[in-house]
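# Coordinates in review
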Amino acid sequence: FSLASYNIGKGHVFDAQRLAEKFGLNPKVWDDNVADMIVKLSKSRYYRDNVVRHGYCRGIEAYNYVSRITTLYGNYNNFKLDVE
């Protein structure tokens, strides 16, 4: 959530959480929940919903950003140095 907020702003993340809850998803889980709603915030059906306060956003950019950073983090954690 912090990475997405850094990328598109916390207001849009809060909007995605409210949408997730409205559509029966878990607003406290990123993968397959809030992440899906972030992407949908670029479609008028979703950004014009009455639970959305901050309107349109290019959610796919935040989705891709979070995916890239978490993948890199995982790769770095798996990298082992052979230091003696």
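Given the structure is predicted, the values throughout are model-derived calculations rather than measurements.

### Notes on the side chain of Asp49
- Mapping Asp49 onto the fold places it in the loop between helix H4 (44-47) and helix H5 (59-78).
- Take Asp49: its relative accessible area is 12%, and that puts it in the buried class.
- Within the structure, Asp49 has its side chain in polar contact with the backbone nitrogen of Val51 (distance 3.0 Å).
- Among all residues touching Asp49, those that are not within four sequence positions of it are Leu19 and Lys22.

### What to know about the packing of aromatic side chains
- Applying the stated criterion to the full structure yields four aromatic pairs.
- Ring geometry for Phe23 and Tyr46: centres 5.7 Å apart, planes at 55 degrees, overall tilted. In this pair, Phe23 is assigned in the loop between helix H2 (10-22) and helix H3 (30-40) and Tyr46 in helix H4, connecting sequence segments 23 residues apart.
- With relative accessibility at 36%, the residue Phe23 sits in the partly exposed group.
- Given the relative accessible area of 9%, Tyr46 is considered buried.

### Details of a nonpolar patch on the surface
- On the surface, Ile69, Leu72 and Tyr76 cluster together to form a nonpolar patch covering roughly 300 Å² of accessible area.
- With respect to the helices and strands, Ile69 occurs in helix H5.
- Owing to a relative accessible area of 31%, Ile69 belongs among the partly exposed residues under this scheme.

### Concerning H3
- Among the residues making up H3, those that are buried are Trp30, Asn33, Val34, Ala35, Met37 and Ile38. Taken around the axis of H3, the buried residues stretch over an arc of 160 degrees, which confines them to a single face. Of the exposed residues in H3, those oriented more than 90 degrees away from the buried face are Asp31 and Asp32.

### Some remarks on H2
- Taking 1.5 Å per residue, 13 residues should reach 18 Å; H2 reaches 18 Å between its end C-alpha atoms and fits that length.
- Looking only at H2, the buried set comprises Gly11, His12, Val13, Asp15, Ala16, Leu19 and Ala20.
- Two residues or fewer after H2 comes Gly24, characterised by a positive phi angle close to 80 degrees.

Each value, and the rule that gives it
- Think of each chain on its own: its residues are numbered from 1, step by step along the sequence as written.
- Reporting in this predicted model follows two pLDDT cut-offs: at least 70 for local features of residues, and 80 or more for side-chain atom pairs to be given and counted; totals over whole chains, interfaces and linings ignore these cut-offs and use all residues.
- To get the side-chain values, take all heavy atoms of the structure and skip hydrogens and water.
- Starting at the N terminus, helices and strands are each numbered in turn, a helix being any DSSP run of H or I of at least four residues and a strand any DSSP run of E of at least two.
- Burial classes follow relative accessibility: with a 1.4 Å probe on protein chains only, a residue under 20% of its type's maximum area counts as buried, one over 50% as exposed, and anything between as partly exposed.
- Between N or O atoms, a polar contact is any pair within 3.5 Å; within protein, one atom must be a potential hydrogen donor and the other a potential acceptor, and residues adjacent in sequence are included only when both atoms are from side chains.
- Contact between two residues is taken to exist if any of their heavy atoms lie within 4.5 Å; hydrogens are not considered.
- Pairs were defined over the aromatic rings of Phe, Tyr and Trp, the Trp ring being its six-membered one, requiring ring centres within 6.5 Å. Orientation was assigned from the angle between planes: stacked under 30 degrees, edge-to-face over 60, tilted for the rest.
- A patch consists of residues whose relative accessible area exceeds 30% and which take part in no salt bridge; residues with like charges are grouped when within 9 Å of each other, and nonpolar side chains (Val, Leu, Ile, Met, Phe, Trp, Tyr) when within 5 Å.
- Where accessible areas are quoted, they stem from the Shrake-Rupley method and a 1.4 Å probe; at the residue level, only the protein chains shown are allowed to cover.
- Salt bridge, as used here: a side-chain nitrogen of Lys or Arg that lies within 4 Å of a carboxyl oxygen of Asp or Glu.
- Here, the arc refers to the directions that run from the helix axis to the C-beta atoms.
- The span you would expect from a helix comes to 1.5 Å times its residue count less one.

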